[in-house]
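So you can see what is in the structure, the chains are spelled out below.
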Amino acid sequence: MTRFARSALAALISLLTPAGTSLGFTQAAHAADLAVYTEDDGSVCGESWVLSKITDRFNYQVHNVPHLPDVAITDFHNIRQHRYQPSSDEWPIGRHYCRATVSLSDGRDRSIFYLIEEGQGFASIGDNVEFCVSGFDRWMVYNGRCRVLR
């Protein structure tokens with residue numbers, strides 16, 4: 001990595017880190033982290049940036065994977081987090097496992113399963129979202145019936 005790239009990355013990290021805090025890559029798990037959540041839990045699963053990312057990537061998927069119907073996600077229903085795996089020494093990446101029902105532009109409803117990985121965005125900045133809509137995993141990336149993300 002060049003000296004310019006290192007200094008640019010350091011500047012970016014310093015801008016994104018709130019004053020008076022450090023970049024801790026682990027966080028303590030609390031007893032409440034293992035609770036079962038409901039639709040109104042206020043978790044990250046229903047945040048607009050997550051749903052927008054899923055909608056955009058689904059649109060890309062149906063236009064670039066052969067033999068998928070040309071549909072779009074029009075709405076999300078019954079959004080809930082069904083499991084949370086906090087970061088620890090054994091599992092360094094915190095994970096939110098979510099599920100919902102999506103309405104498609106063809107009028108059908110389908111189940112969607114998605115995973116939000118903390119700190120796994122581009123260059124480890126932000127979070128990553130992986131998703132699977134039932135019936136649209138043509139290449140079996142998430143195993144049969146989205147089993148990997150359940």
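First, a word on what this report is: a plain description of the structure on this page. This structure is a prediction, so every number in the text was calculated from the model and none was measured.

The rules behind these values
Residues numbered from 1 in each chain as written. Predicted model: local features only at pLDDT ≥ 70, side-chain atom pairs only at ≥ 80, totals over all residues. Heavy atoms only, no water. Pairing = 2+ DSSP bridges. Helix = DSSP H or I, 4+ residues; strand = E, 2+ residues; numbered from the N terminus. Axes fitted to C-alpha atoms, helices over the stretch in contact; angles between N-to-C directions. Contact = heavy atoms within 4.5 Å. Phe/Tyr/Trp six-rings, centres within 6.5 Å; stacked < 30°, edge-to-face > 60°. Buried < 20%, exposed > 50% of the residue type's maximum accessible area, 1.4 Å probe, protein only. Disulfide = S-S within 2.5 Å. Expected span 1.5 Å × (residues − 1). Arc of directions from axis to C-beta. Core = buried A, V, L, I, M, F, W, Y, C linked by side-chain atoms within 4.5 Å.

1. Here we look at the sheet that holds strand β3 (residues 109-117)
The strand order β1-β2-β3-β4 describes an open sheet built from 4 strands, whose pairing is antiparallel. Each edge of the open sheet is held by one strand with a lone partner, namely β1 (73-85) and β4 (128-133). In this sheet, adjacent strand axes meet at a mean angle of 20° when their direction is disregarded. Note: strand β2 (residues 95-104) against β3, 9 bridges, orientation antiparallel. Bridge pairing in β3 places His96 opposite Ile116. Packing of helix α2 (residues 48-64) onto the sheet brings it into contact with β1, β2, β3 and β4, and relative to β4 it is tilted by some 55°.

2. Quick look at the packing of aromatic side chains
Under the counting rule described, the total for this entry stands at 1 aromatic pair. Measuring from ring centre to ring centre gives 5.1 Å for Phe58 and Phe136, while their planes differ by 65°; the resulting arrangement is edge-to-face. Taken together, the positions of Phe58 in helix α2 and Phe136 in the segment after β4 put the pair 78 residues apart, joining distant regions of the chain. Across the pair, Phe136 and Phe58 agree in class, each one buried.

3. Some points on the state of the cysteines
Each disulfide consists of one covalent bond between the sulfur atoms belonging to two cysteines. With the rule as written, the count across this model stands at 2 disulfides. Between the sulfur atoms of Cys45 and its disulfide mate Cys98 the distance is 1.8 Å. The S-S bond linking Cys45 to Cys98 shows a torsion near -65°; that makes this disulfide left-handed. Placement of Cys45 in the loop between α1 (3-16) and α2 and of Cys98 in strand β2 is noted, with a sequence separation of 53 residues between them. A single burial state applies to Cys45 and to Cys98, both of which are buried. Across a sulfur-sulfur distance of 2.0 Å, Cys132 and Cys146 are joined as a disulfide pair.

4. Focus on α2
For α2, with 17 residues, the first-to-last C-alpha span of 24 Å sits near the 24 Å given by 1.5 Å per residue. Within α2, the full set of buried residues consists of Val50, Leu51, Ile54, Phe58, Gln61 and Val62. Buried residues along α2 cover an arc of 90° about the axis, so they all sit on one side. Exposed positions of α2 whose direction lies more than 90 degrees from the buried face are Ser48, Asp56 and Tyr60. In this fold, the buried residues of α2 make contact with β1, β2, β3 and β4.

5. A word on the nonpolar core
Within the largest apolar cluster, 24 residues are counted, with the highest numbers of intra-cluster contacts made by Ile54, Phe58, Phe76, Ile112, Tyr114 and Phe136. When residues of this core are traced back to their parent elements, those giving at least two are α2, β1, β2, β3 and β4. Setting aside chain neighbours within four positions, we find Phe58 in contact with Val71, Ala72, Ile73, Leu104, Phe131, Val133 and Phe136. The next biggest cluster of nonpolar side chains, apart from the first, holds 7 residues, and it includes Phe113, Leu115, Tyr142 and Cys146.

Treat this as a map of the structure, not an account of what it does.
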